[in-house]
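The primary structure of each chain is shown beneath.
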Amino acid sequence: MNAVLQTWNAANAEAALAAMIACCGSRRWAAAMVAKRPIGSVAELSVAADEVWSKMNEADWMDAFACHPRIGERKAERASAQSVAWSRQEQSSANNAAERVLAEFAVGNELYEQRYGFTYIVCATGKSAEEMLAILNRRLASDRETELREAAEQQRQITQIRLGKWLVE
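If you're wondering where the values come from, they're calculated on a predicted model, not measured in any experiment. (Residues numbered from 1 in each chain as written. Predicted model: local features only at pLDDT ≥ 70, side-chain atom pairs only at ≥ 80, totals over all residues. Heavy atoms only, no water.)

A. Main features of the overall build of the chain. Scanning the chain from N- to C-terminus turns up ten helices and zero strands. In the chain, the order of α-helices and β-strands from amino to carboxyl end is α-α-α-α-α-α-α-α-α-α. The burial tally for the chain puts 44% of its 169 residues in the buried class. Roughly 8100 Å² of accessible area belongs to the chain as shown, and the carbon and sulfur atoms make up 54% of that amount. (Helix = DSSP H or I, 4+ residues; strand = E, 2+ residues; numbered from the N terminus. Buried < 20%, exposed > 50% of the residue type's maximum accessible area, 1.4 Å probe, protein only. Areas by Shrake-Rupley, 256 points an atom, 1.4 Å probe, with all protein chains shown as cover.)

So this is what it looks like as structure tokens:
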């Protein structure tokens, strides 16, 4: 068994909850994951994460979204130190983006939030700033329900990546 997973299985509820919140800011998701302990393997953890996420609702999604900074920015409404560090790493391509791209992000982020009522969420790992901007512009044409589901799917992908990072730390 993975040593981090083994330690998490044996941790007190508060420590176990904090580890899950760093991976996904939805408190209900994190609590449900803690309640599933012990989890026997990395594969079971991944399946459990998706299973629990599939049972979440809009309020839970919004809770998770609030832990993500806008692309090109450094702070989030509510995020753990680990989540902030991972966001910086995931969005690192925005650090080297041209001023024009960052300016377009600022406008696009604002428009997105006005239109949908939440922060633009994209699984940024492996994407250039230009790719993320193109995705933002494409998604601005969606209706709110479609976009909410897309953002939730992006959060699911981010959570899986973060669980993987957590398991090797």
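Picking up after the structure, the text goes on.
B. Structural context of the environment of Ile158. Following the sequence through the fold, Ile158 ends up in helix α10 (residues 144-168). Along the sequence, Ile158 and Thr125 sit 33 residues apart, while their C-alpha atoms lie 8.3 Å from each other.

C. Looking closely at the packing of helix α2 (residues 13-23) against α10. At a closest axis distance of 8 Å, the pairing of α2 and α10 adopts a crossing angle of 130 degrees. One way to sum up the angle between α2 and α10 is to call them oblique. Contacts from Ala19, Met20, Ala22 and Cys23 of α2 reach α10 at Gln155, Thr159, Arg162, Leu163 and Trp166. When its residues are assigned to classes, the contact of α2 with α10 shows six nonpolar, two polar and one charged. (Axes fitted to C-alpha atoms, helices over the stretch in contact; angles between N-to-C directions. Parallel < 35°, antiparallel > 145°, perpendicular 65-115°, else oblique. Contact = heavy atoms within 4.5 Å. Nonpolar A, V, L, I, M, F, W, Y, C, P; charged D, E, K, R; others polar.)

D. Main features of the pattern of salt bridges. What the rule picks out here adds up to eleven salt bridges. Across the pair Asp50 and Arg156 runs a salt bridge whose closest N-O atoms are separated by 3.2 Å. Here Asp50, found in helix α4 (residues 42-54), pairs with Arg156, found in helix α10; they are 106 residues apart in sequence, far enough to count as distant. Asp50 sits in the partly exposed class, given a relative accessible area of 27%. Of the charged contacts, one joins Arg144 and Glu58 as a salt bridge, the two residues approaching to 2.9 Å between their closest N and O atoms. In this pair, Arg144 is assigned in helix α10 and Glu58 in helix α5 (residues 58-65), connecting sequence segments 86 residues apart. (Salt bridge = Lys/Arg side-chain N within 4 Å of Asp/Glu carboxyl O.)

E. Spotlight on helix α8 (residues 99-116). An ideal rise of 1.5 Å per residue puts 26 Å on 18 residues; α8 measures up with 25 Å between its terminal C-alpha atoms. Looking at the residues trailing α8, positive phi occurs at Gly117, about 85 degrees. (Expected span 1.5 Å × (residues − 1).)

F. Highlighting α10. If you check α10, its first and last C-alpha atoms are 36 Å apart, about what 25 residues at 1.5 Å a residue would give, namely 36 Å. Capping of α10 at its N-terminal end is provided by Asp143; its side-chain oxygen lies 3.1 Å from the backbone amide nitrogen of Glu145. (Polar contact = N/O pair within 3.5 Å; in protein donor to acceptor, adjacent residues only side chain to side chain.)

G. Local environment of unusual backbone geometry. Between Arg37 and the following residue, Pro38, the backbone shows a cis peptide bond with an omega angle of 0 degrees. For Pro38, the position within the fold is in the loop between α3 (27-35) and α4.

H. View of the packing of α5 against α10. At a closest axis distance of 10 Å, the pairing of α5 and α10 adopts a crossing angle of 55 degrees. Put simply, α5 runs oblique to α10. Once α5 is placed against α10, the crossing between them reads as left-handed. When α5 is examined against α10, the residues Glu58, Trp61, Met62, Ala64 and Phe65 are found in contact with a partner set consisting of Arg144, Leu148, Arg149, Ala151, Ala152 and Gln155. Split by residue class, the contact of α5 with α10 holds seven nonpolar, one polar and three charged. (Left-handed = near helix turned anticlockwise from the far one by under 90°.)

I. Local environment of the side chain of Asn109. With respect to the element layout, Asn109 can be found in helix α8. In this structure Asn109 touches Arg70, Ile71, Tyr120 and Leu136, once residues within four positions along its chain are discounted.

J. How the structure looks around the nonpolar core. Among the nonpolar cores identified, the biggest contains 50 residues, and Trp8, Met20, Trp29 and Trp166 are the most heavily contacted of them. Elements with a contribution of two residues or more to this core: α1 (3-10), α2, α3, α4, α5, α8, α9 (129-139) and α10. Broken down by element, the residue count for this core peaks at seven residues, all from α10. Not counting chain neighbours up to four residues away, the residues in contact with Trp8 comprise Ala16, Ala19, Met20, Met33, Val34, Arg37, Ile39, Leu45 and Trp166. (Core = buried A, V, L, I, M, F, W, Y, C linked by side-chain atoms within 4.5 Å.)

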